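Structural characterization, general
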2 protein chains.
Amino acid sequence: MNGRYKLRMSALPTDLPEPGTQLLSTLRQEALAAPDSGIVEVMNYGRERPGMIPLWAGEGDLPTPGFICEAAARSLAAGETFYTWQRGIPPLREALARYHQHLYGRDFSAERFFVTGSGMQAIQIAIAAVAGTGDEVVIPTPAWPNCAAATGLAGATAVHVPMHFTDNAGWRLDIDELLAATGEKTKAIFLNSPSNPTGWTATREELQAILDFARKRQLWIIADEVYNRFFFAGERAPSFYDIARDDDPILFVNTFSKNWAMTGWRVGWIGAPPALGRVLENLIQYSTSGVAVFMQRAATVAVDEGEPFIAEQVERARQSRDVICGALQSSPRTRFTWPDGAFYLFFSIKGEEETGKLGLRLVDEANVGVAPGTAFGAAGEAFMRLCFARKPEDMAEAGRQLANWLAR
Amino acid sequence: MNGRYKLRMSALPTDLPEPGTQLLSTLRQEALAAPDSGIVEVMNYGRERPGMIPLWAGEGDLPTPGFICEAAARSLAAGETFYTWQRGIPPLREALARYHQHLYGRDFSAERFFVTGSGMQAIQIAIAAVAGTGDEVVIPTPAWPNCAAATGLAGATAVHVPMHFTDNAGWRLDIDELLAATGEKTKAIFLNSPSNPTGWTATREELQAILDFARKRQLWIIADEVYNRFFFAGERAPSFYDIARDDDPILFVNTFSKNWAMTGWRVGWIGAPPALGRVLENLIQYSTSGVAVFMQRAATVAVDEGEPFIAEQVERARQSRDVICGALQSSPRTRFTWPDGAFYLFFSIKGEEETGKLGLRLVDEANVGVAPGTAFGAAGEAFMRLCFARKPEDMAEAGRQLANWLAR
């Protein structure tokens with residue numbers, strides 16, 4: 001049988017190395033139909049350009065702080081390499097309770113918290129807990145595309161509710177439209193606030209209206225408040241935790257990626273009514289069966305000792321936001337509002353509506369990597385997303401290059 | 001709102017802290033119905049007993065070797081904490097190609113290999129690729145329960161084909177019965193060889209018969225050959241790789257857990273026709289979005305430099321098998337065959353058919369932790385599973401305690 005496996009790894013594993021059409025036809029339809037990430041396309045296109053400023057991904061330029069990495073290394077050296085609690089090690093769940101207590105000013109039970117193998121897995125598990133074939137999940141757009149994709153893979157349908165952009169008011173979600181999009185098949189509303197990619201942040205009143213509706217209709221809310229620390233109009237963004245009861249139908253999905261610069265680690269958590277413990281434990285058991293203890297030791301240290309790092313990162317993001325927004329504002333061709341939350345600038349360029357190709361052109365012509373709005377669903381197609389979680393000097397350089405390109 | 005979250009972490013997070021019945025009734029039926037692991041129950045019962053010899057889990061007593069842990073620590077210290085390739089970093093995929101080449105004596109393409117967040121996730125993704133609501137997956141039993149549970153969570157139905165145990169021939173899978181259990185709805189046959197928990201190992205002829213059938217009927221085979229190095233009747237167990245073509249409909253699921261004592265790490269891989277690359281990449285993207293680079297660096301070193309460790313571990317398991325089988329054979333009350341593969345002894349005790357409770361009693365009465373056969377599905381209910389991947393001295397002590405208990 002020698003010589004059968006001739007294919008070698010190509011630099012960019014993006015395309016089908018061979019047709020295999022018959023083989024593919026026997027796959028599950030939902031798996032075959034899962035969309036490619038529109039962000040990954042431009043990343044793969046520009047990844048290795050010299051001097052490129054990569055602003056396409058939702059990731060900063062800082063590696064994980066040393067004190068966090070060292071906690072993992074210590075745990076590894078101590079031989080903590082065995083199976084552990086499916087829900088997460090008790091010290092991390094208790095640290096998460098303390099973290100929430102600090103952030104929201106009231107008590108939390110460690111029983112609410114479930115450690116997951118990334119924020120993405122928190123979303124996948126939250127969806128799997130509430131929605132399957134024939135069900136619907138309502139999602140305002142523009143949105144990070146992975147939630148709708150995970151909904152589709154669960155066999156359910158993502159129902160999109162386009163937000164509205166005006167030059168005066170920026171991005172706005174019409175809550176009546178959101179609630180009107182729910183129906184008999186709706187199992188959950190997915191709300192990401194502060195929003196990736198728009199920076200839109202729900203007010204407490206908007207959260208209350210959605211929660212009241214969810215309680216009345218027995219719908220779940222999947223609350224993605226991953227960027228709640230990256231908020232530039234106050235201490236932190238308004239949260240469902242400000243108004244929710246312990247047993248409200250909310251699944252909070254979160255991640256260590258952004259606050260603690262741990263994108264590559266793939267560790268996240270779910271906050272949920274403790275009554276769901278058995279169900280969530282089983283969903284973890286039958287997907288990845290927990291998270292490495294040594295990763296959880298690092299996450300525990302991050303939560304307990306990471307506040308100065310978060311404060312520094314948020315202030316840096318604020319400066320970088322000001323720099324890039326200032327630079328792009330100077331061009332009469334751009335349209336955007338300064339984002340109040342998250343770390344993205346979502347902007348459009350007059351005369352450049354074909355954003356799918358624009359990302360590739362900006363790699364070639366401005367040496368700046370931004371993600372096309374087409375990746376974020378309805379109402380965002382004409383925009384581009386740029387991540388400003390980098391040092392202000394980089395953002396100044398990116399701003400110069402983009403301004404020059406705009407002025408050509 | 002102070003004082004709402006009064007519950008504190010209990011030592012064993014096993015039960016519902018509150019009824020929450022109404023809340024649970026709004027969950028997805030499949031999530032609610034996912035079975036608890038019958039192994040976890042006895043683990044939680046006996047976990048903290050002094051002097052307990054824990055043989056319930058599929059895990060050895062050795063921590064991950066230092067050279068593997070150190071590779072992770074080096075990568076962390078070098079700041080490899082960012083997002084990476086969804087399919088796995090090229091050096092690990094290339095190392096896996098070399099590993100398979102070494103093991104099966106022919107060339108493999110790195111394009112075949114997809115790094116996953118555990119062997120369990122490899123199974124979950126393999127199922128999600130081929131089966132959903134209304135579909136069936138055929139699984140011989142006794143079997144590790146997580147495969148059937150993951151099938152159920154995918155909305156599909158696990159169709160069990162009971163194996164046969166006789167004192168003379170040990171465990172036997174009737175291939176005709178296996179194939180006859182497939183029907184119009186069948187999308188895949190899940191075959192675990194060497195088997196957890198029975199140690200049964202398919203012959204090359206049996207694998208060929210299953211492959212011929214799968215080719216003809218356009219069914220997928222999900223091949224769980226995780227224990228193929230732990231084989232005591234030859235160099236390694238027969239494998240579908242001995243007979244398969246590059247484009248055969250086989251999804252190989254595997255893990256770093258057993259060969260390299262990395263159970264707690266949660267890293268595994270899928271071997272698949274390269275034509276499935278896009279689909280598998282998307283399934284990874286929308287579940288955990290890849291595995292930490294520093295874990296993959298460790299896995300790369302494991303694959304490239306781990307052969308002496310594997311040889312030592314397999315020889316140790318063989319000695320421990322001989323010790324425990326010898327000890328239990330001395331009792332007229334036990335029934336089992338010496339397993340040819342994997343690292344479990346699956347045995348029954350005359351007069352003790354109620355194995356669900358027997359695991360708990362053996363904790364109390366013999367201070368040995370074994371898993372009840374009821375956890376492994378049809379045909380195994382009267383048996384107990386014991387993991388012998390521990391040092392021979394421990395197995396001798398466990399053997400003494402069990403022999404004393406049997407002789408009471």
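Worth saying up front: this structure is predicted, and the values here are computed from it rather than measured.

A separate point is the overall build of chain A. Within chain A one finds 14 helices and 15 strands. By its C-alpha atoms, chain A is 65 × 60 × 50 Å across when sized along the principal axes. For chain A, the proportion of its 408 residues judged to be buried stands at 65%. Partitioning the intrachain contacts of chain A with sequence separation of at least 6 by distance along the chain shows that 73% fall at a separation of at least 24. On chain A, roughly 13900 Å² of surface is accessible, and the fraction owed to carbon and sulfur atoms is 50%. Seen as two clouds, the 39 positive and the 47 negative side-chain charges of chain A have centres 3 Å apart.

Here the focus is the side chain of Thr26(A). Here Thr26(A) is to be found in the loop between α1 (21-25) and α2 (29-33). Of note is the side chain of Thr26(A), whose polar atom sits 2.6 Å from the backbone oxygen of Leu23(A). If we ignore the near neighbours within four places in the chain, the residues touching Thr26(A) are Gln218(B) and Trp220(B).

All names here are of chain A. In terms of burial, strand β15 (residues 383-387) is largely enclosed, as five of its five residues are buried. The side-chain alternation of β15 yields two buried faces, one formed by Phe-383, Arg-385 and Cys-387 and the other by Met-384 and Leu-386. Bridge count between strand β12 (residues 344-349) and β15: five bridges; the pairing is antiparallel. The residue of β15 that forms the bridge with Tyr-344 is Cys-387.

Moving on: the sheet that holds β12(A). Residues and elements named next belong to chain A. Strand order in the open sheet formed by four strands is β11-β12-β15-β14, with antiparallel pairing between adjacent strands. In this open sheet, the two edge strands, each paired with only one partner strand, are β11 (334-335) and β14 (371-372). Across the sheet, helix α13 (residues 355-366) lies against β12, β14 and β15, angled at about 45° from β15, the strand it touches most. Relative to β15, helix α14 (residues 392-407) is tilted by about 155°, and along the sheet it contacts β11, β12 and β15.

Residues and elements named next belong to chain B. Most of strand β3 (residues 136-141) is tucked away: six of the six residues are buried. Burial of β3 is two-sided: the residues Glu-136, Val-138 and Pro-140 facing one way and the residues Val-137, Ile-139 and Thr-141 facing the other way are all buried. Strand direction decides the pairing type here: β3 and strand β4 (residues 157-162), joined by six bridges, are parallel. Bridge pairing in β4 places Ile-139 opposite His-160. You can see the chain leave β3, run along helix α7 (residues 146-153) and come back into β4, and the turn it takes is right-handed. Note: β3 against strand β7 (residues 186-192), three bridges, orientation parallel. Looking at β7, one finds that Val-137 is bridged to Ala-188.

On to the relation of the copies chain A and chain B, then. Superposition of chain A onto chain B requires a rotation of 180° combined with a translation of 0.0 Å along the rotation axis, giving an RMSD of 0.0 Å. Both copies are brought into coincidence by an operation consistent with a two-fold rotation axis. For chain A, the residue whose C-alpha comes nearest the rotation axis is Ala73(A), separated from it by 2.7 Å. Same-surface contact between copies: 99% of interface residues of chain A are shared with the interface of chain B.

Enumeration over the complete set of coordinates arrives at 50 salt bridges over all chains. Across the pair Arg316(B) and Asp61(B) runs a salt bridge, and its minimum N-O distance is 3.0 Å. Taken together, the positions of Arg316(B) in helix α12 (residues 307-329) and Asp61(B) in the loop between β1 (53-54) and α4 (66-77) put the pair 255 residues apart, joining distant regions of the chain. Of the charged contacts, one joins Arg335(B) and Asp167(B) as a salt bridge, the two residues approaching to 2.9 Å between their closest N and O atoms. Here Arg335(B) is found in strand β11 (residues 334-335), whereas its partner Asp167(B) is found in the loop between β5 (164-166) and β6 (170-172), with 168 residues between them in sequence. The exposure class of Arg335(B) is partly exposed, given its relative accessible area of 30%. Among the charged side chains, a salt-bridge network with shared partners connects Asp212(A), Arg215(A), Arg245(A), Asp247(A) and Asp248(A).

So, on to the sheet that holds strand β12 (residues 344-349) of chain B. All names here are of chain B. Pairing in this open sheet of four strands is antiparallel, and the strands run β11-β12-β15-β14 from one edge to the other. Both outer strands of the open sheet, β11 and β14 (371-372), are each paired with one neighbouring strand and no more. Set on the sheet, helix α13 (residues 355-366) makes contact with β12, β14 and β15 (383-387); between it and β15 the angle comes to about 45°.

It is worth spelling out helix α9 (residues 204-217) of chain A at this point. Residues and elements named next belong to chain A. Taking 1.5 Å per residue as the helical rise, α9 with its 14 residues ought to reach 20 Å, and the 20 Å between its terminal C-alpha atoms agrees with that figure. Contact partners of the buried residues in α9: α8 (175-180), β7 (186-192), β8 (220-224) and β9 (250-255). Just downstream of α9, Gln-218 is the residue with a positive phi angle, here 55°.

Under the present numbering, the feature "domain: Aminotransferase class I/classII large" (unreviewed entry) in UniProt falls on residues 53-398 of chain A. Strand forms 18% of residues 53-398 of chain A and helix 38%; the C-alpha atoms that close the span are 7 Å apart.

Another aspect to go through is the domain arrangement of chain A. It is common to give the size of an interface as the accessible area that goes away when the parts come together. All names here are of chain A. Once the domains are mapped, chain A shows domain 1 (33-63 + 309-407) and domain 2 (66-305). Inter-centroid distance (C-alpha atoms) of domain 1 to domain 2 is 25 Å. Counting from both sides, the interface comprises 32 residues of domain 1 and, opposite them, 31 residues of domain 2. Carbon and sulfur atoms supply 65% of the area that domain 1 and domain 2 bury against each other, a total of about 2800 Å² over both sides. Together, Ile-310, Asp-340 and Ala-342 form the three largest contributors to the area buried by domain 1 at its contact with domain 2, with a combined 19%. Here domain 1 and domain 2 share one salt bridge between them. The tally of links between domain 1 and domain 2 comes to 13 residue pairs in polar contact (both at pLDDT 80 or more). When contributions to the side of domain 1 that touches domain 2 are tallied by element, the ones reaching two or more residues are α12 (307-329), β12 and β15. In terms of residue count, the dominant contributor to the side of domain 1 that touches domain 2 is α12 (seven residues). Looking at the side of domain 1 that touches domain 2 residue by residue, the classes come out as 20 nonpolar, six polar and six charged.

Thresholds, definitions, all that
Residues numbered from 1 in each chain as written. Chains lettered and ligands numbered in written order. Predicted model: local features only at pLDDT ≥ 70, side-chain atom pairs only at ≥ 80, totals over all residues. Heavy atoms only, no water. Helix = DSSP H or I, 4+ residues; strand = E, 2+ residues; numbered from the N terminus. Buried < 20%, exposed > 50% of the residue type's maximum accessible area, 1.4 Å probe, protein only. Contact = heavy atoms within 4.5 Å. Areas by Shrake-Rupley, 256 points an atom, 1.4 Å probe, with all protein chains shown as cover. Lys, Arg positive; Asp, Glu negative; His and termini not counted. Charge placed at Lys NZ, Arg CZ, Asp CG, Glu CD. Polar contact = N/O pair within 3.5 Å; in protein donor to acceptor, adjacent residues only side chain to side chain. Pairing = 2+ DSSP bridges. Axes fitted to C-alpha atoms, helices over the stretch in contact; angles between N-to-C directions. Right-handed = clockwise from strand over helix to strand, strands pointing away. Least-squares fit on C-alpha atoms with pLDDT ≥ 70 in both. Salt bridge = Lys/Arg side-chain N within 4 Å of Asp/Glu carboxyl O. Expected span 1.5 Å × (residues − 1). UniProt positions renumbered as here; feature names shortened; annotations may be inferred. Domains from an automatic or database assignment. Buried area = accessible area lost by both parts, 1.4 Å probe. Nonpolar A, V, L, I, M, F, W, Y, C, P; charged D, E, K, R; others polar.

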